[in-house]
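# Coordinate inspection notes
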Amino acid sequence: MFSDPQINSGQLINILRQTPTAQATITGSASYPNIHGTVYFYQLMGGVLVIAEVQGLPYSSGTCQSNVFGFHIHDGNSCTGTAADPFANAGGHFNPSGCN
């Protein structure tokens, strides 16, 4: 449930009807070729609303299964690289304030 005291559900629906300010395509690496999706970015007065639709995430089973996934944003403009580092050109993690 979206809970921002500055935005009610009607306003959120109106935001989502708009064209996103930006979007990024997600593609998996050679190790995870089934991962794909899109991330949508909507500029708001107090920040950015980020919505990610991702399919093909790996599923682990067994005693120590872990099906929790996260993602981070890089400051580069291309998720390309080399055989040794498939995402070498993605740049560093997006961190405009230089926080730890």
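In this report, we go over the structure that sits alongside the text. Remember, it's a predicted structure, so these values are computed and weren't measured experimentally.

### Digging into the overall build of the protein chain
Each helix and strand in the protein chain was counted, giving one helix and three strands. Sorting the 100 residues of the protein chain into buried and exposed places 14% on the buried side. A fraction of 13% describes how many contacts in the protein chain between residues 6 or more apart in sequence connect residues 24 or more apart. Accessible area of the protein chain: about 7,900 Å², with a carbon and sulfur share of 54%.

### What to know about the sheet that holds strand 2 (residues 36–44)
If you walk across this open sheet you meet the three strands as 1-2-3, and the pairing is antiparallel. In this open sheet, the two edge strands, each paired with only one partner strand, are strand 1 (22–27) and strand 3 (47–55). Neighbour-to-neighbour, the strand axes of the sheet open up by a mean angle of 15°, direction not taken into account. Bridge count between strand 1 and strand 2: six bridges; the pairing is antiparallel. From the neighbouring strand, Ala24 faces strand 2, where its bridge partner is Val39.

### Description of the pairing of strand 3
The pairing of strand 2 with strand 3 spans nine bridges and is classified as antiparallel. Following the sheet pairing, Phe41 is matched in strand 3 by Val50. Hairpin connection between strand 2 and strand 3: a loop of two residues separates the two successive antiparallel strands.

### Some thoughts on the nonpolar core
Counting six residues, the largest nonpolar core is built from Ile7, Leu12, Ile15, Tyr42, Leu44 and Leu49. Of all the secondary-structure elements, those providing two or more residues to this core are helix 1 (9–17) and strand 2. In this structure, Tyr42 is in contact with Ile15, Leu16, Gln18, Thr19, Pro20, Thr21, Gly47, Val48, Leu49 and Ile51, ignoring residues within four places of it in sequence.

### Thoughts on the side chain of Thr38
Of note, Thr38 is situated in strand 2. Using a relative accessible area of 18% as the deciding quantity, one classes Thr38 as buried. Apart from the residues within four sequence positions on either side, Thr38 is in contact with Gln23, Ala24, Ile26, Ile51, Ala52 and Glu53.

So, how was this worked out
Each residue is numbered by its place in its chain's sequence as written, counting from 1. Predicted model: local features are reported for residues with pLDDT of at least 70 only, side-chain atom pairs are reported and counted for 80 or more only, and whole-chain, interface and lining totals are derived from all residues. The basis for every side-chain value is the complete set of heavy atoms in the structure, and neither hydrogens nor water enter the calculation. What counts as a helix is a DSSP run of H or I of at least four residues, what counts as a strand is a run of E of at least two, and both are numbered from the N terminus. Burial classes follow relative accessibility: with a 1.4 Å probe on protein chains only, a residue under 20% of its type's maximum area counts as buried, one over 50% as exposed, and anything between as partly exposed. Here a residue-residue contact requires only that any non-hydrogen atoms of the pair lie within 4.5 Å. The accessible surface values rely on the Shrake-Rupley method and a 1.4 Å probe; as for residues, cover is taken only from the protein chains in view. Strand pairing is assigned whenever DSSP identifies at least 2 bridges connecting the two strands. To obtain an axis, a line is fitted to C-alpha atoms, over the contacting stretch when the element is a helix, and the angle between two such axes runs from 0 to 180 degrees between their N-to-C directions. Within this scheme, the nonpolar core is defined by two criteria: the residues are buried Ala, Val, Leu, Ile, Met, Phe, Trp, Tyr or Cys, and they are joined through side-chain atoms within 4.5 Å.

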